[in-house]
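Listed below are the residues making up each chain.
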Amino acid sequence: MWALIKDNKIEEIIRFPKTMVIDDVTHSRKIFTAWTWDELNAIGIYTVEAGTQGDDRFEITSNPTYTYSASGKKVTTAYTTTDKVLTDTNDVDEDGKAVLDYKGNQTVTLGLKSIAKNQAKETANGLIKQFNWLVERSIYDSSKTIPSAVGTYVGKIKADCATIEAAIDGASDMAAFKKLYEWEYNEDGSVKTIAPIQNWSDDYDVKTYIR
């Protein structure tokens, strides 16, 4: 990005090359790629350095603020980040009164913990439903039993889900919650430790039954 500076003030943030009229002179959009920085600076156009935004999984990032440095000949970008709420919050209106649904029950905005637990349940259900056809087959043909390996795997997935949900509930603060998403890697780039939030049993023994 670029910024148009006049009298040491930011007049405009330019996200894409475009035709510019500066001091009654029309400049083609090509100046942004063809001109040197000294040439651009001479007509008041400076580089905009990107700032660091928060992690959308855990944080809310503000709109950017821009600061021009005459000595540095550039504009810097800054953001403010705020942690998202971990726990569920009862919804209230502008007067502080409870917001109710059409049946008169309190509405709730889910916190990160509830969202993460719901995602864990969805993942578990998705892994298990790959074997639904075996259940249906056994209903229509009693001679066709569900392989023991599948039953064992399904049991492991249910246990995994319970473990993940317990870990989510046990996260006392945002730092602990973030650790659930951290992977550890060896020097060669291979996985050393799976992120707790993704620690599901492998399906090696049941691959042939997946539909």
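These numbers come from a predicted model, not from an experiment. (Residues numbered from 1 in each chain as written. Predicted model: local features only at pLDDT ≥ 70, side-chain atom pairs only at ≥ 80, totals over all residues. Heavy atoms only, no water.)

(A) Up close: the packing of helix H3 (residues 112-128) against helix H5 (residues 148-170). Close contact between H3 and H5 brings their axes to 10 Å; oriented N to C, the two are set at 175°. In terms of axis orientation, H3 runs roughly antiparallel to H5. Here H3 contributes Lys113, Ala116, Lys117, Ala120, Lys121, Ala124, Leu127 and Ile128 to the contact with H5, which in turn contributes Tyr153, Val154, Ile157, Lys158, Cys161, Ile164, Glu165, Ile168 and Asp169. Tallied by class, the residues present in the contact of H3 with H5 amount to eleven nonpolar, no polar and six charged. (Axes fitted to C-alpha atoms, helices over the stretch in contact; angles between N-to-C directions. Helix = DSSP H or I, 4+ residues; strand = E, 2+ residues; numbered from the N terminus. Parallel < 35°, antiparallel > 145°, perpendicular 65-115°, else oblique. Contact = heavy atoms within 4.5 Å. Nonpolar A, V, L, I, M, F, W, Y, C, P; charged D, E, K, R; others polar.)

(B) Inspection of the packing of aromatic side chains at higher detail. Evaluated as defined, the whole model comprises six aromatic pairs. Judged by centre distance (5.2 Å) and plane angle (75°), the rings of Phe58 and Tyr181 are edge-to-face. Of this pair, Phe58 sits in the loop between strand S5 (45-49) and strand S6 (59-61) while Tyr181 sits in the loop between helix H6 (174-179) and strand S12 (184-185); the two residues are 123 residues apart in sequence, bridging distant segments of the chain. Taken together through their ring pairs, the aromatic side chains of Phe58, Phe177 and Tyr181 make up a single cluster. The aromatic ring of Trp133 is capped on one face by Arg211, whose charged end is 4.2 Å from the ring centroid. (Phe/Tyr/Trp six-rings, centres within 6.5 Å; stacked < 30°, edge-to-face > 60°. Lys NZ or Arg CZ within 6 Å of the ring centre and 35° of its normal.)

(C) Local environment of the sheet that holds strand S8 (residues 74-78). Read from one edge of the open sheet, five strands run S2-S1-S5-S8-S7, paired in mixed fashion. Each end of this open sheet is capped by a strand with a single partner; those strands are strand S2 (9-14) and strand S7 (65-69). The mean inter-strand angle of the sheet, taken between neighbouring strand axes irrespective of direction, is 35°. Across five bridges, the pairing between S7 and S8 is antiparallel. Following the sheet pairing, Tyr66 is matched in S8 by Thr77. (Pairing = 2+ DSSP bridges.)

(D) Layout of the pattern of salt bridges. Taken as a whole and judged by the stated rule, the model has seven salt bridges. A salt bridge links Lys121 to Glu165, with the nearest nitrogen and oxygen atoms 2.8 Å apart. Taken together, the residues Lys121 in helix H3 and Glu165 in helix H5 connect sequence positions 44 residues apart. For Lys121, a relative accessible area of 36% translates into the label partly exposed. (Salt bridge = Lys/Arg side-chain N within 4 Å of Asp/Glu carboxyl O. Buried < 20%, exposed > 50% of the residue type's maximum accessible area, 1.4 Å probe, protein only.)

(E) Highlighting unusual backbone geometry. Phi is positive for Asp7, close to 55°, though the residue is something other than glycine. By the secondary structure assignment, Asp7 is in the loop between strand S1 (2-6) and S2. On the accessibility criterion, Asp7 (74% relative accessible area) is exposed. Positive phi values are uncommon outside glycine, yet Asp23 reaches one of about 50°. Following the sequence through the fold, Asp23 ends up in the loop between strand S3 (20-22) and strand S4 (25-27). For Asp23, a relative accessible area of 62% corresponds to the exposed category.

(F) Representation of the nonpolar core in the model. The biggest cluster of nonpolar side chains holds 24 residues, and the ones touching the most others in it are Ile168, Phe177, Ile197 and Trp200. Elements represented by at least two residues in this core include exactly H3, H5 and H6. One finds Met20, Ile31, Leu40 and Ile45 within the second-largest nonpolar core, a separate group that totals nine residues. (Core = buried A, V, L, I, M, F, W, Y, C linked by side-chain atoms within 4.5 Å.)

(G) Highlighting the pairing of S2. Pairing analysis gives five bridges linking S1 to S2, with the strands arranged antiparallel. The residue bridging Trp2 from the neighbouring strand is Ile14, located in S2. Counted along the chain from S1 to the antiparallel partner S2, the turn is two residues long, and its residue Asp7 has a positive phi close to 55°.

(H) Inspection of the side chain of Asn41 at higher detail. Tracing the sequence through the fold places Asn41 in helix H2 (residues 37-42). Looking at Asn41, its side chain comes within polar contact range of the main-chain oxygen of Ile45, at 2.8 Å. The residues contacting Asn41, other than those within four sequence positions of it, are Tyr46 and Lys73. (Polar contact = N/O pair within 3.5 Å; in protein donor to acceptor, adjacent residues only side chain to side chain.)

(I) Up close: a nonpolar patch on the surface. A cluster of nonpolar side chains, contributed by Val135, Ile139, Tyr140 and Ile146, occupies part of the molecular surface with about 460 Å² of accessible area. Residue placement: Ile139 occurs in helix H4 (residues 132-140). Given the relative accessible area of 62%, Ile139 is considered exposed. (Patch = residues over 30% accessible without salt bridge, like charges linked within 9 Å, V, L, I, M, F, W, Y side chains within 5 Å. Areas by Shrake-Rupley, 256 points an atom, 1.4 Å probe, with all protein chains shown as cover.)

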